[in-house]
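Analysis of the macromolecular model
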Amino acid sequence: QKEVEQDPGPLSVPEGAIVSLNCTYSNSAFQYFMWYRQYSRKGPELLMYTYSSGNKEDGRFTAQVDKSSKYISLFIRDSQPSDSATYLCAMTGNQFYFGTGTSLTVIP
Amino acid sequence: GAVVSQHPSWVICKSGTSVKIECRSLDFQATTMFWYRQFPKQSLMLMATSNEGSKATYEQGVEKDKFLINHASLTLSTLTVTSAHPEDSSFYICSAASGTSGSTETQYFGPGTRLLVL
């Protein structure tokens, strides 16, 4: 079983839709959870960073961590064409683990 | 804050030559730096992890003599692709993390270096 599972998509949504991106993991020792956004031919950019369970909101983005279910989510409200990118989840205890990334396209 | 730069952003070289890529953390001290390569439409593949002042730890299947990593200071790591061949053409991305030994909170990525070996 992989440490981190992420549906690669691709995911296409109309502009203005709410997007839900998810990852599951197997290691209960993970403490820090991150979401990165990567545009084509660019390095990943840190979007959200959370510690332990709960929600964190930043503008149109909400990161959610459920440690009991070993499940993390990233919600994007009022999605825009500029949100079209690959979204990577990542988590760490003593080592980093990345999901494979979900490709998102927001259609105008 | 937390800016990581990479240089060069792209490089084209002849087969058999060596290429050096620099990764710098501009506004924080990075206890650990990571090197990844990424093929088109694929996920990041971790190549090696390096801590300042010590030898890099390479992932299985990555040739340490082929990909030389030096982490000379808390703000600079270099990756040298030695005797590059066309199959080494890829997008190389570094990242930097701060934190106490054995615990790193998050990684900040550089913009990547596109290498094309002719």
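The text that follows walks through the structure, step by step, so that each part is easy to find. (Residues numbered from 1 in each chain as written. Chains lettered and ligands numbered in written order. Predicted model: local features only at pLDDT ≥ 70, side-chain atom pairs only at ≥ 80, totals over all residues. Heavy atoms only, no water.)

1. Considerations on the interface of chain B and chain A
If you look at the interface, chain B gives 18 residues, while chain A gives 18 residues. Counting every contact that joins chain B to chain A gives zero salt bridges. On inspection of chain B and its partner chain A, the count reaches six residue pairs in polar contact (both at pLDDT 80 or more). Those elements that place two or more of their residues in the side of chain B that touches chain A are β4 (32-38), β9 (90-97) and β10 (107-109) of chain B. Across the side of chain B that touches chain A, the residue classes break down as eight nonpolar, eight polar and two charged. (Contact = heavy atoms within 4.5 Å. Salt bridge = Lys/Arg side-chain N within 4 Å of Asp/Glu carboxyl O. Polar contact = N/O pair within 3.5 Å; in protein donor to acceptor, adjacent residues only side chain to side chain. Helix = DSSP H or I, 4+ residues; strand = E, 2+ residues; numbered from the N terminus. Nonpolar A, V, L, I, M, F, W, Y, C, P; charged D, E, K, R; others polar.)

2. Quick word on the nonpolar core
In this structure, B:W35, B:Y58, B:F67, B:I69, B:L79, B:Y92 and B:L115 are the most contacted members of the largest nonpolar core, which totals 25 residues. A:V13, A:L21, A:M48 and A:M91 belong to the second largest nonpolar core, which has 24 residues in total. (Core = buried A, V, L, I, M, F, W, Y, C linked by side-chain atoms within 4.5 Å. Buried < 20%, exposed > 50% of the residue type's maximum accessible area, 1.4 Å probe, protein only.)

3. Looking at the sheet that holds strand β1 (residues 4-7) of chain B
Residues and elements named next belong to chain B. Read from one edge of the open sheet, four strands run β1-β3-β8-β7, paired in antiparallel fashion. Edge strands, defined here as strands with exactly one partner in the open sheet, are β1 and β7 (67-73). When strand polarity is set aside, the average angle formed by the axes of neighbouring strands in this sheet is 15°. Two strands pair when backbone bridges link them, and β1 and strand β3 (residues 19-25) are joined in this way by four bridges, in the antiparallel orientation. Residue pairing in the sheet places S5 in a bridge with R24 of β3. (Pairing = 2+ DSSP bridges. Axes fitted to C-alpha atoms, helices over the stretch in contact; angles between N-to-C directions.)

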